[in-house]
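# Architecture and fold: a report
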Amino acid sequence: EYAYRVGSDANASEWFTFRTAEETPAPFRFIWLGDTQGPISLYARVIRQAYRTTPDASFMIFSGDLVDGGSSTKLHDDEWGDWHQAAGFIVSGLPVAATPGNHEFYDPRVRGKLNLNRYWRPGFTLPENGPAGLEETAYSFDYQGVRFIIINSDEMTRNEAFALSETRWVEGLLKNNPCRWTVMAFHHPLFSTAANRDNSVVRENLKPLIDKYGVDLVLTGHDHTYARG
């Protein structure tokens, strides 16, 4: 267990603690959230209840659309401020593993401009072991006997080269996997619950690998509904 605080002398924050992973496989729990882009009043209730229910969680996974992306008169900085304020002290002790959704690519002034949110990489410190050009948006990590593969499905839907490189990268992780369990997380579901949505690129590239290598759990978002398959 480690303890830390931010600042110095009279300006130092309170102490925060966190615990590193076991060196060998061991049971653990984590919190998963998708599409937290709603107002702070709602997201705060959700994440605090999740932490209250699972206080021993080792980390949190967010499968995209953490913010809304600057719709209406709100800008990115306001929405990220709300996101961090709602999470409060929780994210000071629980690592966040996140992947961007389509709303992380909106520009606050031009909704159709598709660049990664300027606060994404400065706001998180995520692994850079994914495909080139997708640093801190597609990555993997092993935790106590489980391999977690975090995929940037938004770039996959819009960029054929990224779709190919991510698919090859994912298969390499699945083919050479020392862990008993495997979890994948990305934004766009393989099968949508919305009639006007069909994430065919994601499905055609990832589902054969999920079936072939027996991925145990796939966590997605995007449709704002609950579904199991």
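Higher on the page you've got the structure.
Residues numbered from 1 in each chain as written. Predicted model: local features only at pLDDT ≥ 70, side-chain atom pairs only at ≥ 80, totals over all residues. Heavy atoms only, no water.

This part takes up the sheet that holds strand 7 (residues 146–150). Taken together, the four strands give an open sheet; going across it, the order is 6-7-8-9, and neighbouring strands pair in mixed fashion. Edge positions in the sheet fall to strand 6 (139–143) and strand 9 (217–219), since each has one partner strand and no second. Strand-to-strand, the axes of this sheet are offset by a mean angle of 15°, without reference to chain direction. Taken together, the five bridges between strand 6 and strand 7 define a ladder with antiparallel strand orientation. Counterpart to Phe-141 in the pairing with strand 7 is Phe-148. Lying over the sheet, helix 6 (residues 160–175) contacts strand 6, strand 7 and strand 8 (181–185), oriented at roughly 180° with respect to strand 7. (Pairing = 2+ DSSP bridges. Helix = DSSP H or I, 4+ residues; strand = E, 2+ residues; numbered from the N terminus. Axes fitted to C-alpha atoms, helices over the stretch in contact; angles between N-to-C directions. Contact = heavy atoms within 4.5 Å.)

The three strands lie next to each other as 3-4-5, forming an open sheet whose pairing is parallel. The two strands at the open ends of the sheet, each matched to only one other strand, are strand 3 (31–33) and strand 5 (96–98). With direction set aside, neighbouring strand axes in the sheet form an average angle of 20°. Sheet topology note: the strand 4 (residues 60–62)/strand 5 ladder contains three bridges and is parallel. Along strand 5, the bridge assignment pairs Met-60 with Val-96. Where helix 1 (residues 40–53) meets the sheet, it contacts strand 3 and strand 4, and its direction lies at approximately 160° from that of strand 3.

Taking 1.5 Å per residue as the helical rise, helix 7 (residues 200–213) with its 14 residues ought to reach 20 Å, and the 20 Å between its terminal C-alpha atoms agrees with that figure. Along helix 7, the sharpest change in direction is near 35° and occurs at Leu-206; proline Pro-208 comes one to four residues later. Val-202, Arg-203, Leu-206, Leu-209 and Ile-210 are the residues of helix 7 that are buried. Looking at the buried positions of helix 7, the neighbouring elements they touch are helix 5 (153–158), helix 6, strand 8 and strand 9. (Expected span 1.5 Å × (residues − 1). Bend = angle between axes of the 7 residues up to and from the residue. Buried < 20%, exposed > 50% of the residue type's maximum accessible area, 1.4 Å probe, protein only.)

What follows is about the pairing of strand 6. By the criterion of burial, strand 6 is predominantly enclosed, with four of the five residues buried. From the end of strand 6 to the start of strand 7, which pair antiparallel, there are two residues, and Gln-144 there has a positive phi angle of about 50°.

To continue, consider the pattern of salt bridges. This structure, assessed with the given rule, holds 11 salt bridges. Glu-171 is the salt-bridge partner of Lys-212, the closest N and O atoms lying 3.5 Å from each other. Of this pair, Lys-212 sits in helix 7 while Glu-171 is found in helix 6, placing the two residues 41 residues apart along the sequence. With relative accessibility at 58%, the residue Lys-212 sits in the exposed group. When the shortest N-O distance is used, the salt bridge between Asp-223 and Arg-197 registers 2.8 Å. Taken together, the residues span a long stretch of sequence, with Asp-223 in the segment after strand 9 and Arg-197 in the loop between strand 8 and helix 7 at a distance of 26 residues. Here Arg-197 falls in the partly exposed class, since its relative accessible area comes to 33%. (Salt bridge = Lys/Arg side-chain N within 4 Å of Asp/Glu carboxyl O.)

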